[in-house]
2 protein chains.
Amino acid sequence: MKLLKERIQQDGKVKEGNILKVDSFLNHQIDVELLGEIAKEFQRRFADTGVNKILTIEASGIGIAVEVGGVFNAPVLFAKKAKTKNIAGEVYTSKVMSYTHGREFDIIVSKDFLGKDDRVLIVDDFLANGAALEGLISLVEAAGAHLCGCGIVIEKGFQPGGENLRKKGIKLESLAIVDAMDAETGVITFRE
Amino acid sequence: MKLLKERIQQDGKVKEGNILKVDSFLNHQIDVELLGEIAKEFQRRFADTGVNKILTIEASGIGIAVEVGGVFNAPVLFAKKAKTKNIAGEVYTSKVMSYTHGREFDIIVSKDFLGKDDRVLIVDDFLANGAALEGLISLVEAAGAHLCGCGIVIEKGFQPGGENLRKKGIKLESLAIVDAMDAETGVITFRE
């Protein structure tokens, strides 16, 4: 997606440790107009897949999911990072390894809102190791729902998450795939 | 807001401890169409206040803020609940007491995205004791920004947050004010 890549080039900041900061327009401050264009692009890429529910994970996926829900006219469901012990039976749960925070945490969705009639598009801001996305996919599978695919705003193509998911045959659409970043020069190289 | 009150009556669930569960349409699963109507109502109530930035707090405020940002054509900024020690100088920070979780936490926004040219509308899903909202207002004040007002979807009118803020002269608009709830009967009484 040209507009997005241009914006990343313009306003993204490369930091040591393969960190790409896009908090001026995507995941702290949010450019709502850009988000609308992102949602329309996902609509094009997942047209005719019969999406009727959008799933994401708190917090930075929620804004994207709400815009995508608007274009698909579908409800949004966001998985919560569990802070307390779950009550077995009421929620689907999955374990996610956070590489950023160096620990495992549980994500949950209520069984009331995910079931076998749902055709789910998962969206999120970033894909790197794929841990969060695999956790969300586990929730969809546990609910017996149909996975239409995954829509990612920025994929770190030099980390294994995207390749692993594509190998499994999952329809994964990333609007910008970063193949290399250089913290010294600030140069960001996108996959063609 | 009639549509909202009807939806709360229909799908809200009253639980012991003055808990109103609206997770089927507002803060776990999100009805995006309803959210759009909520945003339009905030637009009417804050017309002519010159809003040019929407501020909220993760996680459940984000969806509302993005819809409101759309109608005002303004960027959204969401305060983060700090998980790590803050780097002094880079962020505005405020302490918020969470009555739900029984502990205090820090909320932060980057100084890059809030400043004296901003005319801020704060939005959130719930107002009860007002701790989160007062924390957000502190961030606006610390940044020297102008506070246009606060837009709340559901105010618990039997808790002191709303009254305290109105006493201070803050323009606070709550789309549904619940004056009483009964966990046994499920009856919800709204303020006229």
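What to know about the overall build of chain A
A tally of regular secondary structure across chain A gives 5 helices and 11 strands. When the backbone C-alpha atoms are referred to their principal axes, chain A occupies close to 50 × 35 × 35 Å. Evaluated residue by residue, chain A yields a buried proportion of 54% over its 192 residues. Restricting to contacts in chain A with at least 6 residues of sequence separation, those with at least 24 account for 61%. Per element, the accessible surface of chain A, about 8700 Å² overall, is 46% carbon and sulfur.

Some details on the nonpolar core
The biggest cluster of nonpolar side chains holds 78 residues, and the ones touching the most others in it are A:L4, A:I38, A:I54, B:L4, B:I38 and B:I54. Here A:L4 is in contact with A:F25, A:L34, A:I38, A:V153, A:L175 and A:A176, once residues within four sequence places are set aside. Of all hydrophobic cores here, the second largest spans 27 residues; its members include B:L114, B:L133, B:V140 and B:L172.

Thoughts on the pairing of strand β10 (residues 172-181) of chain A
Residues and elements named next belong to chain A. In terms of burial, β10 is a largely internal element, 8 of the 10 residues being buried. Two elements, strand β9 (residues 146-156) and β10, share 6 bridges in a ladder whose sense is parallel. Considered in β10, the bridge of K156 is made with V178. Across 3 bridges, the pairing between β10 and strand β11 (residues 188-190) is antiparallel. Bridging from a neighbouring strand, A180 pairs with T189 of β11. From the end of β10 to the start of β11, which pair antiparallel, there are 6 residues, and G186 there has a positive phi angle of about 80°.

Structural notes on the relation of the copies chain A and chain B
Once chain A is rotated about the relating axis by 180° and shifted along it by 0.0 Å, it coincides with chain B to within an RMSD of 0.0 Å. Interpreted geometrically, this transformation is the action of a two-fold axis.

Overview of helix α3 (residues 61-72) of chain B
Owing to its 3.6 residues per turn, the α-helix brings residues three or four apart onto one side. All names here are of chain B. Given a rise of 1.5 Å per residue, 12 residues ought to cover 16 Å, and the 16 Å separating the end C-alpha atoms of α3 matches this to within 8%. Counting buried residues in α3 gives 10 out of 12 residues, a clear majority hidden from the surface. Those residues of α3 not exposed but buried are G61, I62, G63, I64, A65, V66, E67, V68, G69 and F72. Phi for N73, located one or two positions after α3, is positive at around 55°.

Thoughts on the packing of aromatic side chains
Taken as a whole and judged by the stated rule, the model has 0 aromatic pairs over all chains. Above the ring of A:F46, the side-chain terminus of A:K171 is found at 5.1 Å from the ring centroid.

Describing helix α2 (residues 32-45) of chain A
All names here are of chain A. Compared with an ideal rise of 1.5 Å per residue, which puts 14 residues at 20 Å, α2 spans 20 Å between its outermost C-alpha atoms and is within 8% of the ideal. Regarding α2, the residues found buried are V32, L34, L35, G36, I38, A39, E41 and F42. A distance of 3.0 Å separates the backbone nitrogen of E33 from a side-chain oxygen at the start of α2, and that oxygen is part of D31.

Here we look at the pattern of salt bridges
Here the structure, examined in full by the defined rule, presents 30 salt bridges over all chains. Ionic pairing is found between B:K53 and B:D118, a salt bridge with its closest N-O pair at 3.5 Å. Linking B:K53 in strand β4 (residues 53-57) with B:D118 in the loop between β7 (103-110) and β8 (119-127), this pair joins segments that are 65 residues apart in sequence. Each member of the pair B:K53 and B:D118 is classed as buried. Via salt bridges that share partners, A:E41, A:R44, A:R45, A:K171 and A:E173 belong to a single interconnected network.

Structural notes on the pairing of strand β6 (residues 91-98) of chain B
Residue and element names in this part refer to chain B. Two strands pair when backbone bridges link them, and β6 and β7 are joined in this way by 8 bridges, in the antiparallel orientation. Paired with K95 across the bridge in β7 is D106. The hairpin turn running from β6 into β7, its antiparallel successor, is 4 residues long, and G102 in that turn takes a positive phi close to 65°.

Notes on the packing of helix α2 (residues 32-45) of chain B against α3(B)
Pairs of packed helices are described in terms of their axes, by the angle between the two and the distance that separates them. Residue and element names in this part refer to chain B. For the pair α2 and α3, the least separation of the axes is 8 Å and the interaxial angle reads 55°. Accordingly, the angle class assigned to the pair α2 and α3 is oblique. In this structure, α2 meets α3 at a crossing whose hand is right-handed. In this structure, α2 uses V32, L35, G36, A39, K40, F42 and Q43 to contact α3, whose residues at the interface are G63, I64, E67, V68, V71 and F72. Per-class residue counts for the contact of α2 with α3 are 8 nonpolar, 3 polar and 2 charged.

Quick word on the interface of chain A and chain B
Taken together, the 32 residues of chain A in the interface contact 32 residues of chain B. Together, the buried faces of chain A and chain B total about 2500 Å²; carbon and sulfur atoms form 67% of this surface. Contact with chain B buries surface across chain A, with A:H28, A:Q29 and A:F113 losing the most and accounting together for 26% of the total. Summed over the shared surface of chain A and chain B, the number is 0 salt bridges. Here chain A is connected to chain B by 10 residue pairs in polar contact (both at pLDDT 80 or more). For the side of chain A that touches chain B, the elements supplying multiple residues, two or more each, are β3 (29-30), α2, α3 (61-72), β5 (76-81) and β7 (103-110) of chain A. The element contributing the most residues to the side of chain A that touches chain B is α3(A), with 6 residues. Per-class residue counts for the side of chain A that touches chain B are 14 nonpolar, 11 polar and 7 charged. Relative to strand β5 (residues 76-81) of chain B, β3(A) runs antiparallel, the two sharing 2 bridges. Bridging from a neighbouring strand, A:I30 pairs with B:V76 of β5(B).

Conventions and cut-offs
Residues numbered from 1 in each chain as written. Chains lettered and ligands numbered in written order. Predicted model: local features only at pLDDT ≥ 70, side-chain atom pairs only at ≥ 80, totals over all residues. Heavy atoms only, no water. Helix = DSSP H or I, 4+ residues; strand = E, 2+ residues; numbered from the N terminus. Buried < 20%, exposed > 50% of the residue type's maximum accessible area, 1.4 Å probe, protein only. Contact = heavy atoms within 4.5 Å. Areas by Shrake-Rupley, 256 points an atom, 1.4 Å probe, with all protein chains shown as cover. Core = buried A, V, L, I, M, F, W, Y, C linked by side-chain atoms within 4.5 Å. Pairing = 2+ DSSP bridges. Least-squares fit on C-alpha atoms with pLDDT ≥ 70 in both. Expected span 1.5 Å × (residues − 1). Phe/Tyr/Trp six-rings, centres within 6.5 Å; stacked < 30°, edge-to-face > 60°. Lys NZ or Arg CZ within 6 Å of the ring centre and 35° of its normal. Polar contact = N/O pair within 3.5 Å; in protein donor to acceptor, adjacent residues only side chain to side chain. Salt bridge = Lys/Arg side-chain N within 4 Å of Asp/Glu carboxyl O. Axes fitted to C-alpha atoms, helices over the stretch in contact; angles between N-to-C directions. Parallel < 35°, antiparallel > 145°, perpendicular 65-115°, else oblique. Left-handed = near helix turned anticlockwise from the far one by under 90°. Nonpolar A, V, L, I, M, F, W, Y, C, P; charged D, E, K, R; others polar. Buried area = accessible area lost by both parts, 1.4 Å probe.

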